[in-house]
Amino acid sequence: MNDAKAYLLLPLLWLSLAQHSFGIGGVDTAPPPAAPRGFNFTHPKEAKLDNGLRVIVAERLNLPLLAVELIIRTGSEADPNNLAGTANLTGSLLTKGTEKMSAPEIVNAVESLGGTIFSSGGSDNSNAGVLVMSSKAEPALTILADVVLHPAFKQEELERLRRQLLDGLRVALQQPSSLASYVVGRAVYGDGEYGHAAGGTPESLPAIQRADIVKFYQSYYRPDNAALIFSGNITLEQGKGYAQQFFGEWKTSEVSSHSVNPSLANWKPTDLVVDMPEAGQASVNLTKPAIKRNSADYYSGLVANAVLGNGFSSRLNREIRIKRGLSYGARSSLDMRRDSGAFTASAQTKNESAVDVALLLQTELKRLGTDPVEGDELKSREALLTGSYSRSMETNQGFAGQIAGLAVFNLPLDTLDKFIPSINAVTAKDVTVFASKYLMSPTSLVVVGKAAAFLEPLKKNFPGTRVIPQAELDLNRADLVKQK
Amino acid sequence: MYAGWLVSLVLLTLATAGFTREPAAEIKKLSFAHTTLENGLEIYSIEDHSSPTVAVQVWYHVGSKDDPDHRSGFAHLFEHMMFKGNEHLSPDTFDELTENVGGENNAFTAPDVTVYHEVVPSNYLEPILWAEAERMSALALNDTNFKSERDVVKEEYRQRIAANPYGEFSLAVEQKSFAVHPYKRPGIGNIAELDASQLPEVKAFHSIFYRPDNATLIVVGDFTPSDLERWANKYFGAVARPTTKIPRVSVTEPPRTEDKHEVLSTTKAPLPAFAVTYLAPSVRSSDEPALELADEILSGGQSSRLYQSLVYEQQVAQRASFDADLREDLGLLTFRVIVAGGKSLAEAEKALDMQIDKVLHDGVSQAELEKAKNRFLTGKLMERETNNGKATALGEAAVIYRDPNHINTDLAKLEAVTANQVKAVLNKFVNGKNRVLIEYLPDAKKETPKSGETEKP
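The model shown is predicted, which means the values in this text are computed figures rather than measured ones.

What counts, and at which threshold
- Residues numbered from 1 in each chain as written.
- Chains lettered and ligands numbered in written order.
- Predicted model: local features only at pLDDT ≥ 70, side-chain atom pairs only at ≥ 80, totals over all residues.
- Pairing = 2+ DSSP bridges.
- Helix = DSSP H or I, 4+ residues; strand = E, 2+ residues; numbered from the N terminus.
- Axes fitted to C-alpha atoms, helices over the stretch in contact; angles between N-to-C directions.
- Contact = placed C-beta atoms within 7 Å.
- Nonpolar A, V, L, I, M, F, W, Y, C, P; charged D, E, K, R; others polar.
- Buried ≥ 20, exposed ≤ 12 C-beta atoms within 10 Å, placed from the backbone.
- Domains from an automatic or database assignment.
- Parallel < 35°, antiparallel > 145°, perpendicular 65-115°, else oblique.
- Left-handed = near helix turned anticlockwise from the far one by under 90°.
- pLDDT = per-residue confidence, 0-100.

### Considerations on the sheet that holds strand β12 (residues 466–469) of chain A
Residues and elements named next belong to chain A. Read across the sheet, 6 strands follow the order β9-β10-β8-β11-β7-β12 without closing on themselves; strand pairing throughout is mixed. Only two strands of the sheet have a single neighbouring strand rather than two, namely β9 (330–334) and β12. When the angles between neighbouring strand axes are averaged without regard to direction, this sheet yields 15°. Pairing geometry for strand β7 (residues 272–275) and β12, over 4 bridges, is parallel. If you follow V273 over to β12, its bridge partner there is V467. Contacting β9 and β10 (342–349), helix α11 (residues 315–322) runs over the sheet at an angle of about 155° to β9. Sheet strands touched by helix α12 (residues 354–370): β8 (282–289), β10 and β11 (444–449). Its angle to β8, the strand with the most contacts, is close to 30°.

### Quick notes on the sheet that holds strand β5 (residues 114–121) of chain B
Residue and element names in this part refer to chain B. Strand order in this open sheet of 6 strands is β1-β2-β6-β3-β5-β4, and the pairing throughout is mixed. In this open sheet, the two edge strands, each paired with only one partner strand, are β1 (33–36) and β4 (104–109). Recorded for the sheet is a direction-independent mean angle of 15° between the axes of neighbouring strands. Pairing analysis gives 6 bridges linking strand β2 (residues 42–47) to strand β6 (residues 215–221), with the strands arranged parallel. Bridge assignment links E42 to a residue of β6, and that residue is T216.

### Describing the interface of chain A and chain B
Each partner contributes to the interface: chain A provides 94 residues, whereas chain B provides 99 residues. For the side of chain A that touches chain B, the elements supplying multiple residues, two or more each, are α1 (11–18), α3 (103–112), β5 (126–133), α5 (155–172), α7 (204–207), β10 and α13 (375–392) of chain A. With 8 residues, the top contributor of residues to the side of chain A that touches chain B is α5(A). Here the side of chain A that touches chain B is composed, by residue class, of 42 nonpolar, 34 polar and 18 charged.

### Here's the deal with the environment of G239(A)
Residue and element names in this part refer to chain A. Relative to the elements of secondary structure, G239 occurs in helix α9 (residues 236–247). Under the C-beta neighbour-count criterion, G239 is labelled buried, with 27 such atoms within 10 Å. Considering only alpha carbons, one finds G239 and A58, 181 residues apart in sequence, at a separation of 9.4 Å. G239 has contacts with V55, V57, F230 and I234, leaving out every residue within four places of it along the chain.

### Some words on the environment of S299(B)
Residues and elements named next belong to chain B. Along the chain, the position of S299 falls in helix α10 (residues 288–299). Spatially, the C-alpha atoms of S299 and G102 are 37 Å apart, while their sequence positions differ by 197 residues. Among all residues touching S299, those that are not within four sequence positions of it are S304, L306, S321, F322 and D323.

### Quick notes on the domain arrangement of chain B
Residue and element names in this part refer to chain B. Along its sequence, chain B is carved into domain 1 (33–238) and domain 2 (260–444). Broken down by secondary-structure element, the contributors of at least two residues to the side of domain 1 that touches domain 2 are β2, β3 (53–60), β5, α6 (167–177) and β6. The leading source of residues in the side of domain 1 that touches domain 2 is α6, at 6 residues. Of the residues in the side of domain 1 that touches domain 2, the class split is 17 nonpolar, 10 polar and 5 charged.

### Digging into the domain arrangement of chain A
Residues and elements named next belong to chain A. Annotation of chain A at the domain level lists domain 1 (45–247) and domain 2 (272–472). The C-alpha centroid of domain 2 is placed 28 Å from the C-alpha centroid of domain 1. Listed as interface residues are 29 residues of domain 1 and, on the opposing side, 29 residues of domain 2. Those elements giving two or more residues to the side of domain 1 that touches domain 2 turn out to be β2 (54–59), β3 (65–72), β5, α6 (176–189) and β6 (226–232). For the side of domain 1 that touches domain 2, the element with the most residues is α6, which contributes 8 residues. The residue makeup of the side of domain 1 that touches domain 2, split by class, is 17 nonpolar, 6 polar and 6 charged.

### Observations concerning the packing of helix α2 (residues 74–81) of chain B against helix α5 (residues 143–162) of chain B
Residues and elements named next belong to chain B. At a minimum axis distance of 10 Å, the contact between α2 and α5 shows a crossing angle of 125°. With respect to α5, the axis of α2 lies oblique. Here the hand of the crossing between α2 and α5 comes out right-handed. The segment α2 lies against α5, with H76, L77, H80 and M81 engaging F146, E149, R150, V152 and V153. Looking at the contact of α2 with α5, its residues break down into 5 nonpolar, 2 polar and 2 charged.

### Details of the confidence of the model for chain A
With 93% of its residues at a pLDDT of 70 or more, chain A has an overall mean of 93. Within the model, the stretch residues 1–20 of chain A combines pLDDT values under 50 with 43 contacts to residues more than four positions away or in other chains.

### Digging into the pairing of β11(A)
All names here are of chain A. Of all 6 residues in β11, 6 are buried; the element is thus mostly enclosed. Residues S444, V446 and V448 point to one face of β11 and L445, V447 and G449 to the other, with burial holding for every one of them. In this structure, β8 lies alongside β11, joined through 5 bridges in antiparallel fashion. Along β11, the bridge assignment pairs S283 with V448.

### Describing unusual backbone geometry
In the Ramachandran plot, F153(A) falls in the positive-phi region, its phi being about 45° despite a non-glycine side chain. The residue F153(A) is located in the loop between α4 (137–149) and α5 in this model. We classify F153(A) as partly exposed; it has 19 C-beta atoms within 10 Å. A positive phi angle, near 55°, is found at R402(B), a position not held by glycine. Mapped onto the elements of the fold, R402(B) is located in the loop between α14 (387–400) and α15 (406–415).

### Considerations on the confidence of the model for chain B
All names here are of chain B. For chain B, the mean per-residue pLDDT works out to 92, and 91% of the residues sit at or above 70. Here residues 446–457 scores under 50 on pLDDT; set against residues more than four positions off or in separate chains, the count is 20 contacts. In the predicted complex, the global pTM is 0.92; the interface-specific ipTM is 0.92.

If you want it as structure tokens, here you go:
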């Protein structure tokens, strides 16, 4: 028998406990912190092979582990017209077969070492890598080099992966927030090179031919467009040796690299609702193009975004979740790319409160430009950024990821050391200036949800809103509407 | 045979200090300290100065299975209320002592435990210990913050279940698989029972379960043991130990006497899904290591049996998994499949049954076993990369396994398992046992054609 009922009869006990009028240990307020200790991390070192491949090594000898990540500095922005998903298919197919090994042989070999192997293509970069015990470095690198240098791109594997991606998309497009992320891409980039879905669409994936993939691979998978990153139980000498041994034969081809050409100069805001009658919640987003990764305003942007919507005590989460219970979480992000990336503020809420949430997002965004960030608020958001940065460096995979984030954009490695002081140097005025410069002009509203529950009040506040029924949505077009 | 000598090497290393031919094979023993305060609080700690942070976790031995009757989701709602303060703690205190100074905090509610966890810059250890002790001592809540936070939890329910095409399916697997045990009630709850919850119930729940003799404190990272001892005594030592008995779930799930077949329909999911479940033993059973290996061999990574057969070769599944979901009282062995586009439910079910029959009849290979053991070893090393990873492992060992030294013995236990034992354990719990089959079928009318046939614009 479940005795769970019994304890509802015991509220008196609580009274006796709650009558403590002294704080715990006789302390009513938090005891003060001790003196802080600084965070020290390894300085990565680098070398270059004769074929142009950049080799970066973070020596972290405390555990017998090794993370290896090879990045290619080109990704979905270079997908051919109407072939969204080419970079993703190319990257993902690397591990699906080489001239010598089949897909099952590759994954079985690496997993038998106790490791993992991965490859993919996203915006601004493609990557492939392994995570293994450092004692397994040689066999793992043999396979990693084989998949990067000699992928077979077998038709059978292309068809299999295509079907898997299409099935995955069918599921993703039934989820309000993931569907919204596709729509936000179009709302920000229109038909620019970042506008299409990096993972492809239900229409573009079937159109991609093996020849498109081979061409993408030949154009961009070259040592002078790549960086090989090691993080873990390895020295620079060992890393260089491995790079030469396994990637030394990699040849540079003649094809020129891709330069991004988005057309954001004429960007215009547009308010959109995608009507998803079955949606269990509405995804509400405000979005617009903001800054590039190499912008001089990078650090001010991170702090401004953190004040608005990064972390539990950010303004958006405070207003939408903590004060009003309207969402499980509200946040904002700056997606910084080779060219201007998207600023997005978002929350998921019950369909009926979509308009309340849209207005709160709007109010807080405006307030960022008008209400200066006070001392403690500024310090707390800077600490949030430097703390999460430091924690990301605790794992080999995280450390390799931070290096990759620089290598993709050809930023110098000493940027790693500059992060914490640069964040701490951002002032309250910098935040206001950033907000005025990039975030105050009108944004686009994107709501994906059950329109019947919110359309009427929404149109009162956002009169120009276009409504696209889910069945008529076309992610391949800048205007998002299927042609009849 | 690599993994074969690996663990014996670990044992040798411990005995002979540093006999290693291959340093990578070495997993150092974690040496932890343990003490019990007079009020019953268990404290486990590991001192490690490699990063200037410290992970603090408080594990309460109360979970969703302890939800009061007609209050599914209550333990989880309660977990949210633990952040809302008392006479000395404001609702912002935890963020002020963590996120706002460069740390982080969160909590989770599992079927058997509720865990509150922080990582803080190490100079914030004393204040965070004070704050954890404060909320263990008492909460002081009002109707406004209760209702507002209940709304947050309802939004969490909508996000996880209502807005997720397979949310209802995941709830159904537990609901249909247990006959009487409270594990059948979803930890996330439902809107009606959340709405029915009242503030006084929150207070009662705290007094019944949130007490030092029902909690375990874990501290891992950059601290000095004498400081920890002093602060633990000063703050946690001041929390009173109630004299009442802690109620425990005493329901026994009976053995199944027949197969069950449940069918649900959905307007949200584009692809059919199904699950097959069998009852399994407690996580503290001696069968646990063999079941962990079975889980890994059937479902860990893309070279696993289910991925290779159902997803890769036959392409009947968009996703296929096996989960040895072992809990304090008993567990479930759960096979889950989302059917691939263009394939029928029947084809996928048949394909899964063939894989189950095959492993029951032929067992697993030595190579599969070695692979699984190697993957556990790498996973164990990765868990050691962060203070939080080590703290979670130590908490799980002490509270879930009731054996803190489990963090140092788990690999040896896995290593000792033979291929025959993996086969035997699966036969013990699956072969000839009654299954529950849960099917989750898209409503045919709602299916929109969304496949590759659509023409390019």
